[in-house]
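Report on the structure
So you can see what is in the structure, the chains are spelled out below.
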Amino acid sequence: MGEVDEAFIQAVEHRPKLVITEAEGIPLINLSVFNSHDLPSNPSSIETLAEEVRDACKNWGFFQVINHGVPLEKREKLEMASRKFFAQSTEEKLKVRGDEANPAGYYDSLFTKNVRDWKEVLDLMVKNPTVIPASHEAGDNGLKEVVNRWPEYPSELREACEEYAEDMEKLAHKLLELISLSLGLKANRLSGFFNDHTSFTKLIHYPSCPIPHLAFGISQHKDAGALTILAQDNVGGLQVKRKADGEWIHIKPTPHAYIVNVGDTIQVWSNDRYESVEHRVMVNSEKERFSMPFFFNPDHNVMVEPLEELITEQNPAKYRAYNWGRLFATKKPSNFKKHDVDNVQLNHFKKKEEPS
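Predicted, not measured: the structure shown is a model, and the values here were computed from it. (Residues numbered from 1 in each chain as written. Predicted model: local features only at pLDDT ≥ 70, side-chain atom pairs only at ≥ 80, totals over all residues. Heavy atoms only, no water.)

Thoughts on the nonpolar core
In terms of nonpolar packing, the biggest core is built from 71 residues, with L122, L175, I179, I229, Y258, I266 and W269 touching the most fellow members. Per-element accounting of this core gives the leading share, 11 residues, to helix 6 (residues 157–182). Non-local contacts of Y258, meaning those with residues more than four positions away in its chain, are made with F63, Q64, V65, H68, V70, R75, Y164, M168, L171, I229, L230 and A231. Counting 16 residues, the second-largest nonpolar core is a separate cluster that includes Y107, I204, I251 and V281. (Core = buried A, V, L, I, M, F, W, Y, C linked by side-chain atoms within 4.5 Å. Buried < 20%, exposed > 50% of the residue type's maximum accessible area, 1.4 Å probe, protein only. Helix = DSSP H or I, 4+ residues; strand = E, 2+ residues; numbered from the N terminus. Contact = heavy atoms within 4.5 Å.)

Written out as structure tokens, the structure is:
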């Protein structure tokens, strides 16, 4: 991994000390009703589930799901393949290195000049190829294809990733339906935004870190897409900034569960009924950690804006529309090159309140 620059050391040593507590209130939601054969005849169970999702999204922006329908053997197969890939030499991993032109592939902090995040990553698109705008620039109508770089070793990684992504996509659509219902909308209200989605699986390895007081696994951030569905090992390290008081909360790993959080896209669609919440990953001085987040993102041509059903005279639209693909084209290559616009955040699209 890369060496830590002096400016970063100074910044971290002088950062404010935030209270860390164990997660006592992170909602745990049982999705077993979705796997029931009598689903159509049991609407009250779905309503109850939607209410649980509503409370979780409103109060936390995060929740965990169990009995989610993703076969454990597929998750374990991909995790094992991931561990084999990251155990290779840097020279071997760099054979599938991503770049600005095609960001799918391998990168780590040494080559991205991003030493604040102590990790290495293999990004793999769900749809291969995935079409995105060639540029974030307003006048550019060109498109480009992001194509997966599959490593030769381990040979089973491609099959494991593709099979896993199929099940994660099914889970994401279930969660999307519940979020739609929780907002008082039809279950399929959001589905049309994901016909040719730009989702991807991220395999992450956090090596043990000799300077845990100076680095993050991933520094604090919010997710730009619709949903993030995280599988993590038993080491843990994820922390969420609690909405109620701003304290950082450890998310203790729950065996075989997934951690779900809503991203900026859901925040805009809901017109701030739900909020994308800051989170980060801490490093461990003794143990390495592996995780597999699945980022569920809309089609590249989707214009993200508050849903008309959720706009009223008392609650007008709080965001102006923006193109998801152009935002994605800005965010994704920023792992490899610094852009003037790579720090685009949701507040850039916030409408100014009219004076009363």
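Don't stop here, the text continues.
Thoughts on the pairing of strand 11 (residues 238–241)
Judged from the 3 bridges that link them, strand 11 and strand 14 (residues 279–281) form a sheet pairing that is antiparallel. Paired with V240 across the bridge in strand 14 is H279. Both strand 11 and strand 12 (residues 248–250) contribute to a ladder of 3 bridges, which runs antiparallel. Each bridged residue has a counterpart across the sheet, and for K241 the counterpart in strand 12 is W248. Connecting the antiparallel pair strand 11 and strand 12 is a turn made up of 6 residues, with G246 showing a positive phi of about 80 degrees. (Pairing = 2+ DSSP bridges.)

Digging into the packing of aromatic side chains
What the rule picks out here adds up to 10 aromatic pairs. Relative to F328, the ring of W324 has its centre 5.7 Å away and its plane inclined at 35 degrees; by these criteria the two rings are tilted. A residue pair is termed a helical-turn pair when its members lie 3 or 4 positions apart in one helix, as W324 and F328 do in helix 8 (residues 324–331) at 4 residues. Across the pair, exposure class does not vary: W324 and F328 are buried alike. By way of ring pairs, the aromatic residues F193, F194, W269, F294 and F296 are connected into one cluster. Geometry around Y258 places R75 over its ring, the cationic atom sitting 4.7 Å from the centre. (Phe/Tyr/Trp six-rings, centres within 6.5 Å; stacked < 30°, edge-to-face > 60°. Lys NZ or Arg CZ within 6 Å of the ring centre and 35° of its normal.)

Overview of the sheet that holds strand 15 (residues 289–296)
The strands that make up a sheet are held in pairs by hydrogen bonds between backbone atoms, and each pair lies either parallel or antiparallel. Spatial strand order, 2-3-13-10-15-8-5-4: 8 strands in an open sheet with mixed pairing. Among the strands making up the open sheet, the edge pair consists of strand 2 (28–30) and strand 4 (105–108). Neighbouring strand axes in the sheet, compared pairwise and without regard to direction, differ in orientation by 25 degrees on average. Bridging between strand 10 (residues 227–232) and strand 15 involves 6 bridges; their strand directions are antiparallel. Paired with A231 across the bridge in strand 15 is M292. The sheet contacts of helix 3 (residues 72–86) involve strand 4, strand 5 (120–125), strand 8 (200–206), strand 10, strand 13 (258–262) and strand 15, and relative to strand 15 the element is tilted by about 120 degrees. (Axes fitted to C-alpha atoms, helices over the stretch in contact; angles between N-to-C directions.)

Brief notes about empty space enclosed by the protein
Applying the stated rule across the entire model yields 3 cavities of 30 Å³ or more. Lining the largest cavity we find R75, E79, S82, A231, Q232, D233, F290, S291 and M292. When residues of the lining of the largest cavity are traced back to their parent elements, those giving at least two are helix 3, strand 10 and strand 15. (1 Å grid on protein atoms, 1.4 Å probe; cavity = no way out; pocket = protein on both sides within 12 Å on 5 of 7 lines; lining within 4 Å. Points joined across faces, edges and corners; volume = space filled by probe spheres on them.)

Quick notes on unusual backbone geometry
The omega angle of the peptide bond from N128 to P129 is 5 degrees, so this bond is cis rather than trans. Relative to the elements of secondary structure, P129 occurs in the loop between strand 5 and strand 6 (130–133). For the bond from Y153 to P154, the omega torsion is -5 degrees, close enough to zero to count as cis. With respect to the element layout, P154 can be found in the loop between strand 7 (143–146) and helix 6. In this structure, N67 takes a positive phi of about 50 degrees despite not being glycine. On the secondary structure map, N67 appears in the loop between strand 3 (62–66) and helix 3. Of note, H256 is a non-glycine position whose phi angle comes to about 70 degrees, a positive value. Examined against the element boundaries, H256 turns out to sit in the loop between strand 12 and strand 13.

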